[in-house]
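# Per-entry structural report
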Amino acid sequence: MAIRLTVSKCPADPKVQEGSGIPWGAAVTPFAAHDEKGIAPVVLPLEKSHALPRCDTCWAYFSSLCETEQYSWRCALCDSVNSFSEADIVRYSSPQNCPELSSSFIDLEIKEEKHGSENEFQGQPVFVAAVDLSASEEFLELIKSALLAALEALEPGVLFGLATFSHKIGLYDVQGPVPVVKSVFIPPELDGHVPVELEDAMPLRSFLAPIEKNKENIAAALETLKPTSSWERTTAAGQGIEGVTMGGRGFGVAMDAILNYLGAEQGVTFALARVFAFLSGPPDYGAGQLDTRRYGEQYASKGEDADKALLPEQTSFYKDLAGVAVQAGVCVDIFAVTDEYTDLASLKFLSIDSGGSLFLYANTDDSTLPQDLPYAFGCVYKLRTSPDLKISQSYGHFFPDPQYENVQHIICCDAFATYAYDFEFVNSSGFDRARDGLPALQMAFQYTVMTPSESQRQGGIQIGRNCFTLQRRLRIRTVQIEVSRNMGELYESTNSEVVLSILTHKIIQASLEEGIKEARALLHDWLIILVAQYNEFCKLARFGQSSTMNKLDVTFSHYPKLQALPRLVFALMRNPLLRPHEEGVHPDYRIYLQCLFSALEPGSLLRAIYPVLSSYSSPDKQAFPRHSLSRTALITSKCPIFFLDAFTVLIVYYTSTADPALPFPPPQNCMLRSTINKLKLERSITPKLIIIREGHDSKEPFDNYLIEEQDIDGSGLGNGMGFVSFLEHVSRNVKDYMR
């Protein structure tokens, strides 16, 4: 569990907070294996776990940061004194035997009350692939190869189901000598449902096949997948919206039927199922079909703002369907492999609200499927604070508890999923000066993981089918925060990565509510105000005194921790997330970036917005670890090889001046290739690797990331000077603001 703060020393009062211009908040990665310093939690197994004492005032958990007496303890968050129970008095009289007192970061197994049978639930992980047959041969070949690779990674005991959809749903039984498919036709009506329940067409036990016994049959079934003919789709689809002939991609009805199909076994066969839905275009048939004509022609006729009009969903169908997925215990990942407008603004809710992810690839060449990562599910978490401060806003892919404030639920959470918070003071006086202790935060994260059942083996011999045991755990992290004595200490303690993370969440929310142009203006204005307040504090310039403006500093030369911020704001404004529609940004790509960026931890987000460019003198020797993103940096370094890490894309670039004797592409046993392989393993998304030799290959993919030579002045119009002209523009705006 990593808790990263925008400032390691928090402001003393609202005046300092507002006067600094720095956002006050935190980015939390609850299922991360280590904290932000690389320290793992103290893990308590069930036999050593017990109910931790709770504060009677704020309900925070007892931690190693609490002051203790023989019969009582003082809460690290609210400073209240609480009495120990008799059992706790005995337990904590020998602190050396209490692992939870050795660290403020603990993870303990908790025993839940059993309902009905006392036998612990044993289930199996369930994975279902739902493949779009209203697609090309190229698309299906990609999906086949991706699923075949995924099958090799799945561990024994997993149940796998294969389904297809077009104008009908196909269910595959691969447990016999020959794969058998049963079809259920999808009605074309907008409010239609399948005429036959999928359970009646094929019992779920026949559909979900144990992976270890049926891998070859599943592979054989995948080889039978063929695109539905255009004649068959058109004949079945008939007339669509307002008499326009629709395709035959009944995605909405298919997903509704599959979710209900799986939901009947939730808590019996499985605790959480994952559906991987592969889409080659927009749903255009039956319930949940989307009108893609809103992309393009409507703006010219209605004078709408394209940047604003394409961000909201056109139907609540998929948001409602996500609720069905949650009730069924199913997490949905959507893989859209298409360059058509697919209206991901409507589709995204089915994935992110059910705990899944949304992926977009313009073509099959760009497609890289995510890593098979460990995950927690059924998660509930709460961030508690000292009484002088409160959470003013929270961000991330969760849904709030309907009853309890600041309690969030997450259906499925991997080790990279990150959530963000804004803080504010409860009153104008700030922190209580009379209090002895430091302000504190406490994150409590309750979750479930699946572990292989030990009872299935005796003496190394398999005695039954592979099953998994559910383990409910509670992870608690308590951190104390120093208070800055002045604005200078606040600036010195700033973490620009986390500031970027909070800003990204804010501008995504602003763009959804007000549109892209307003979000860009808010980001631009934030930087102007920050620069002005910094100059006022450093006495480099004064509000209302034009004569002082000649010493204006827009690069934060007095505080190194702030110096990255202008460059990061520039990069964020150059990112497709905020670039105007007229610059050719596809609306689906913008939605994809919103979903991706709002889930990334700060370090990964930084790479996605401002990639890391390093250089090598040879494939086995790094020359410089970091360069600015400009061609000038390439020329002045005189290095033959450059490596760019943009999180989802990795680029190796050999310059035209590189010695022809240097091996191309980089050999598998070299340092550069080892770095690439390590980065691939560490990512939640397998990055695409591009290797370019200048003079032989197109260098456009690489040049597109040299953003410091692509101008942006707040209006989106270029004038050729890039980042330098941006700083000049900021300087002019700050002077106008301070006059």
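Residues numbered from 1 in each chain as written. Predicted model: local features only at pLDDT ≥ 70, side-chain atom pairs only at ≥ 80, totals over all residues. Heavy atoms only, no water.

Naming follows an unreviewed UniProt entry, where the chain appears as Sec23/sec24 transport family protein of Ceratopteris richardii.

Outside of glycine, negative phi angles account for most residues, and trans bonds account for most peptide bonds. The amide bond that connects Phe664 to the next residue, Pro665, takes the cis arrangement and shows omega of -10 degrees. Locating Pro665 in the fold gives a position in the loop between strand 31 (649-654) and helix 20 (671-682). In this structure, Trp59 is a non-glycine residue whose phi angle is positive, near 70 degrees. (Helix = DSSP H or I, 4+ residues; strand = E, 2+ residues; numbered from the N terminus.)

Our focus in this paragraph is the sheet that holds strand 1 (residues 2-5). Within a sheet, adjacent strands bond to each other through the backbone by hydrogen bonds, running parallel or antiparallel. The antiparallel open sheet is built from four strands, whose spatial order is 1-3-22-19. Two strands bound the open sheet, and with one partner strand each, they are strand 1 and strand 19 (389-395). Taken over all neighbouring pairs, the strand axes of this sheet differ in orientation by 25 degrees on average, direction set aside. Bridging between strand 19 and strand 22 (residues 419-425) involves six bridges; their strand directions are antiparallel. Its bridge partner being in strand 22, Tyr395 is matched across the sheet by Ala420. Those strands touched by helix 14 (residues 496-514) are strand 1, strand 3 (25-29), strand 19 and strand 22, and its axis lies near 95 degrees from that of strand 22. (Pairing = 2+ DSSP bridges. Axes fitted to C-alpha atoms, helices over the stretch in contact; angles between N-to-C directions. Contact = heavy atoms within 4.5 Å.)

Tallied over the entire structure, the rule returns zero disulfides. Cys55 takes part in no disulfide bond, and the closest cysteine sulfur, belonging to Cys78, lies 3.5 Å away. Free cysteine: Cys75, not disulfide-bonded; nearest cysteine sulfur from Cys58 at 3.7 Å. (Disulfide = S-S within 2.5 Å.)

All right, on to a nonpolar patch on the surface then. On the surface, a cluster of nonpolar side chains totalling about 250 Å² of accessible area is made up of Ile529, Phe543 and Tyr737. Secondary-structure assignment places Tyr737 in helix 22 (residues 722-738). Relative accessible area serves as the criterion here: at 39%, Tyr737 is assigned to the partly exposed category. (Patch = residues over 30% accessible without salt bridge, like charges linked within 9 Å, V, L, I, M, F, W, Y side chains within 5 Å. Areas by Shrake-Rupley, 256 points an atom, 1.4 Å probe, with all protein chains shown as cover. Salt bridge = Lys/Arg side-chain N within 4 Å of Asp/Glu carboxyl O. Buried < 20%, exposed > 50% of the residue type's maximum accessible area, 1.4 Å probe, protein only.)

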